Amino acid sequence: MITKFDSSYYGTADMENLGYAGTPINDRCYSKGELAKALHKVVAYAKCMDERGYNTLWMAEHHFQPEGTELIPNLLMMATHLCGVTRNLKIGCGFNVVPMWHPLRLAEDYAMADILSGGRVIFGVARGYHTREVESFGAPLIDQNANREMFEEGVDILFKAFEAKPFSHKGKYYKIPPEVPYRGYTLKEITLVPAPERLPVECWQPIQSGSERAFDFMAKHGINGVIGGGSAEGGAVERHMLGFQAAYARRGIKLELGERLALGFQFHIAANREQAIREAAPHYEENMKMFGELRLVRALSDEQIAAMRDPKLAGTVKLPGIEDAVKAGGFLAGTPADIIEQLKAVEKRYPGIDRVICATPLGTPLEVQLEDLDRFAKEVIPAFGSGKVDRAAAE
């Protein structure tokens, strides 16, 4: 049963001339002031969610984007600030890109956020997908095997550190601690101080390829998974759910289908489905322009990606449309009743699902986002569970 209603927002500049025929992503460039303003938009988004009883706001770590698309470089710093200007809302790290951090630094920063927020910050880990970001921080991404190795070793260290016990680690990428002289002895172990107050640490990770190795690693550490609703095409959602469930079963843990997972959707509410699709189409297309070239939409061909990069080519090849996303179930469009119907079907199909993350696509103006959040809270959420927002989980 769905009891937790979340949203996600990555902080974007105010955009114009949207869609496949609009300004190419690589041609967008905003002033220092416009880029900074995006952080204040995140605060407004969080306050709106908090006042309406949502459970969690998820943010993503991204760097070096003068195009104005994703502008929060430090999730734990932002989360700590948001906890100070909201009352009940949880703040989710969706996600800290582990290869770009020294794992001890990331563990320390999360521990501080956990302590100072009273447990309102939710931890998250990911491998990264922007070469400009990951490789600029000296970590591998083009070499996917090295990226995965570094990620897994980093996460192993994180969970060792969270236990607040003396430990050491010798791996391919990290030797912790270095054997150096310290106060008359040779350093052999190190302890994270202060450590998170809440153990085990609740941790989430995005599910992309859905490999058995990835699922086994998640189960090893008790990590929860986020699946984008756009993966509905080709039955990927259910395939990922079954793979995740099987990995936990291999460790002797029985899960209902969808348990310990969250489904992410894009959405827009209007007077009818046709109007919602028409209004959201430019933002959906902008979203595809951003993420398609980064290979997060696996079905795209090189020809389609080239057309998304150049508006002159947009009419020469069939590109993904919002209508297809609505039909596949990844985009919730229409009246509140339409969205309730779609989510009730998800709830019925995946009995273990208790959390959905519903957000507006890239480039949606803040005023439209806040209006959608307001209507969703007032007209969609009460149809689930007790008919009220799950405030107990948010407090």
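Residues numbered from 1 in each chain as written. Predicted model: local features only at pLDDT ≥ 70, side-chain atom pairs only at ≥ 80, totals over all residues. Heavy atoms only, no water.

A short note on empty space enclosed by the protein
Heads up, the rule is: For each structure, a 1 Å grid was placed over the protein atoms alone; sets of points admitting a 1.4 Å probe that cannot get out are labelled cavities, open sets with protein on both sides within 12 Å along at least five of seven lines are labelled pockets, and lining residues have an atom within 4 Å of a point. Grid points are joined across faces, edges and corners, and a volume is the space filled by probe spheres set on the points. Counting from the N terminus, the helices are the DSSP runs of H or I reaching at least four residues and the strands are the DSSP runs of E reaching at least two. Put simply, Ala, Val, Leu, Ile, Met, Phe, Trp, Tyr, Cys and Pro go in the nonpolar bin, Asp, Glu, Lys and Arg in the charged bin, and everything else, Gly too, in the polar bin.
In this structure the tally under the stated criterion is 1 cavity of 30 Å³ or more. Approximately 30 Å³ is the volume attributed to the largest cavity. Contributing to the lining of the largest cavity are Phe-267, His-268, Glu-279, Ala-280, His-283, Thr-360, Pro-361, Thr-364, Val-368 and Asp-372. Among the secondary structure elements, those contributing two or more residues to the lining of the largest cavity are strand E12 (261-269), helix H8 (273-292) and helix H12 (366-379). Per-element accounting of the lining of the largest cavity gives the leading share, 3 residues, to H8. For the lining of the largest cavity, the class distribution of residues is 4 nonpolar, 4 polar and 2 charged.

Side note on the nonpolar core
Across soluble globular proteins, nonpolar side chains have a tendency to be buried as a group. Where we set the bar: To qualify as a nonpolar core, a set must consist of buried Ala, Val, Leu, Ile, Met, Phe, Trp, Tyr and Cys residues joined through side-chain atoms within 4.5 Å. Classification of residues uses two cut-offs on accessible area relative to the type maximum, computed with a 1.4 Å probe and protein chains only: under 20% is buried, over 50% is exposed, and between them is partly exposed. Contacts: residue pairs with any heavy atoms within 4.5 Å of one another.
Residues Leu-57, Met-59, Leu-343 and Phe-376 are the most contacted members of the largest nonpolar core, which totals 86 residues. At 8 residues, the largest contribution of residues to this core is made by helix H5 (residues 144-162). Setting aside anything within four residues of it in sequence, one finds Phe-376 in contact with Phe-5, Tyr-54, Phe-267, Ile-269, Ile-339, Leu-343, Cys-358 and Ile-381. Ile-277, Tyr-284, Leu-300 and Val-326 belong to the second largest nonpolar core, which has 20 residues in total.

Considering unusual backbone geometry
Residue Phe-95 follows Gly-94 across a cis peptide bond; omega there is 20 degrees. Note on placement: Phe-95 falls in the loop between strand E3 (90-93) and strand E4 (96-97). Positive phi, close to 65 degrees, is recorded for Arg-260, a residue that is not glycine. Tracing the chain through its elements places Arg-260 in the loop between helix H7 (236-250) and E12.

Considerations on H12
Stated formally: Every helix has an expected span of 1.5 Å times one less than the residues it contains.
With 14 residues, H12 ought to run about 20 Å at 1.5 Å a step, and its terminal C-alpha atoms sit 20 Å apart, in line with that. When we look at burial in H12, the residues that qualify are Leu-366, Gln-369, Asp-372, Leu-373, Asp-374, Phe-376 and Ala-377. Elements that come into contact with the buried residues of H12 comprise strand E1 (4-8), helix H1 (32-51), E12, helix H11 (336-349) and strand E14 (355-359).

Brief notes about the confidence of the model for the chain
How we decide: What pLDDT conveys is the predictor's confidence in a given residue, as a value from 0 to 100.
Here the chain averages 94 in pLDDT, while 95% of its residues score no lower than 70. A low-confidence stretch, residues 387-395 (pLDDT under 50), is modelled with 23 contacts involving residues beyond four sequence positions or located in other chains.

Let's talk about the pairing of E3
Condition: Should DSSP find at least two bridges between two strands, the strands are taken to pair. Looking down the strands as they point away from the viewer, one classifies a crossover as right-handed if the path from the first strand across the helix to the second runs clockwise.
On E3, burial covers both faces: Lys-90 and Gly-92 on one face and Ile-91 and Cys-93 on the other are all buried. Two strands pair when backbone bridges link them, and strand E2 (residues 56-59) and E3 are joined in this way by 4 bridges, in the parallel orientation. Its bridge partner lying in E3, Thr-56 is registered against Lys-90. Each parallel crossover has a hand, and the one from E2 via helix H2 (residues 75-85) to E3 is right-handed. Sheet topology places E3 next to strand E5 (residues 121-126); 2 bridges connect them, and they run parallel. Bridging across to E5, Ile-91 finds its partner in Val-121.

Let's talk about H5
Formally: Two N or O atoms form a polar contact when they lie within 3.5 Å of each other; inside protein one atom must be a possible hydrogen donor and the other a possible acceptor, and for residues adjacent in sequence the pair counts only when both atoms belong to side chains.
Under the 1.5 Å per step criterion, the end-to-end length of H5 is 27 Å for 19 residues, consistent within 8% with the ideal 27 Å. In terms of burial, H5 is largely enclosed, as 15 of its 19 residues are buried. The residue sitting at the N-terminus of H5 and contributing the capping side-chain oxygen is Asp-143; that oxygen lies 3.3 Å from the backbone nitrogen of Asn-145. Of the residues one or two after H5, Ala-164 is the one with positive phi, at around 60 degrees.

Some points on the pattern of salt bridges
Note the threshold: Whenever Lys or Arg places a side-chain nitrogen within 4 Å of a carboxyl oxygen from Asp or Glu, that contact is recorded as a salt bridge.
Counted by the stated rule, this structure contains 28 salt bridges. Residue Asp-374 pairs with Arg-52 through a salt bridge whose shortest N-O separation is 2.7 Å. In this pair, Asp-374 sits in helix H12 while Arg-52 sits in the loop between H1 and E2, placing the two residues 322 residues apart along the sequence. Classification of Arg-52 as partly exposed rests on a relative accessible area of 25%. The shortest N-O distance in the salt bridge between Asp-324 and Lys-318 comes to 3.6 Å. What makes Lys-318 exposed here is its relative accessible area of 61%. Among the ionic contacts, a cluster of salt bridges with common partners joins Asp-14, Glu-34, Lys-37 and Lys-41.

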